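A look at the structure
For reference, the chains in residue letters:
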Amino acid sequence: MTLLESLAQRDLIVVTGKGGVGKSTIAAAVGRMIADRGRRVLLLECDPRESLYRMLDVPPSGGGYVTAGPRLFVQNLRPRDVVDRLVRERVKIPLVTERVLDSQVYRHFVDGAPGMAESALLGHALEVVLGRAGHDAPEVDAVVLRGIRFGEADTVLSILTPDHGRLSAIGKGARRPRSRLAGRLHPGVCSRMTLHRGRGDMATVRGAMVLEAHAGLWERGHRLRAAGCVLESALR
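Presented here is a report on the structure given in the accompanying data block. (Residues numbered from 1 in each chain as written. Predicted model: local features only at pLDDT ≥ 70, side-chain atom pairs only at ≥ 80, totals over all residues. Heavy atoms only, no water.)

Details of the pairing of strand β3 (residues 72–76)
To be explicit about the condition: Burial classes: relative accessible area under 20% of the type maximum marks a residue as buried, over 50% as exposed, and values in between as partly exposed (1.4 Å probe, protein chains only). Secondary structure is summarised from DSSP: a helix means a run of H or I of at least four residues, a strand means a run of E of at least two, and numbering begins at the N terminus for each. Any two strands with at least two DSSP bridges between them are considered paired.
Of all five residues making up β3, four are buried, and the element is well covered by its neighbours. Across five bridges, strand β1 (residues 41–45) lies against β3 in parallel orientation. From the neighbouring strand, Glu45 faces β3, where its bridge partner is Asn76. Summarising the sheet, strand β2 (residues 65–69) and β3 pair through four bridges and their orientation is antiparallel. Counted as the bridge partner of Gly69 is Leu72 from β3. Counted between consecutive antiparallel strands, the loop separating β2 from β3 contains two residues, among which Arg71 sits at a positive phi close to 65 degrees.

Below, the structure is given as structure tokens:
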């Protein structure tokens, strides 16, 4: 049995080492070869600079799943997002949940606890292997029609999708400067969003990747007025 044949039989492969030794290159090459052998492969990275998407010539992940080829997917994951999701799943009282997530003590613990990042990443990988991740978080292409400030840093959105029509969603912490959603949920922006649907009518935006910012709309007054009319019409 060759090394590649042995790797292709495994459910989880961890590529690790010091910076600059070629981890991303090896992960991309191995993932592509295993996908070519007929298995579904998710390349999961936690480097906030995102490098895998460049090697595979696909858009940045931004926390969502990006298709990189037949049976091959890429996701850039921030470990803290995994822990945040776990808190939301376990703490059933929304007010308490938001108080915990906004707590400086919680943030310092998640960011600084030894082994927390590695445990969160491996826990997410295990959920993927067991089929518990991704099914409740579909990707949709959507245009943001309106964004309303909610609470300290959230944004309540009205979005328009080609397959599901108009939807309501909330971007948790989207107005924080360091948020993964910052700048990706403005009105008029077309994004590929990863949505989580809970028990209520409003979905939660877990990730967003800008497909078209339509920056030219906001450069001239007449364009701005026209864009506003179009978005307002879609809301009715």
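Moving on from the model shown.
Quick notes on the nonpolar core
Within soluble globular proteins, side chains that are nonpolar tend to cluster in buried spots. Basically, it comes down to this: Residues grouped as a nonpolar core are buried Ala, Val, Leu, Ile, Met, Phe, Trp, Tyr and Cys residues, joined through side-chain atoms within 4.5 Å.
In this structure, Ile34, Leu43, Leu56 and Leu72 are the most contacted members of the largest nonpolar core, which totals 18 residues. Those elements that place two or more of their residues in this core are α1 (3–8), α2 (23–36), β1, α3 (52–56), β2 and β3. Per element, the largest residue contribution to this core is four residues, and it comes from α2. Core analysis: the next-biggest nonpolar cluster, separate from the first, contains 15 residues, Ile159, Met193, Leu195 and Ala203 among them.

Points about empty space enclosed by the protein
The test is simple: Two kinds of site are reported from a 1 Å grid over the protein atoms alone, namely cavities, where a 1.4 Å probe fits but cannot get out, and pockets, open sets with protein on both sides within 12 Å along at least five of seven lines, and residues are called lining when an atom falls within 4 Å of a point. Grid points are joined across faces, edges and corners, and a volume is the space filled by probe spheres set on the points. Residue classes follow a fixed rule: Ala, Val, Leu, Ile, Met, Phe, Trp, Tyr, Cys and Pro count as nonpolar, while Asp, Glu, Lys and Arg count as charged, and any other residue, Gly among them, counts as polar.
This structure, assessed with the given rule, holds one cavity of 30 Å³ or more. Here the largest cavity defines a volume of roughly 40 Å³. Together, Ser61, Gly64, Tyr65, Val66, Glu139, Arg192, Thr194 and Met209 line the largest cavity. When contributions to the lining of the largest cavity are tallied by element, the ones reaching two or more residues are β2 and β7 (190–197). Considering only residue class, the lining of the largest cavity consists of three nonpolar, three polar and two charged.

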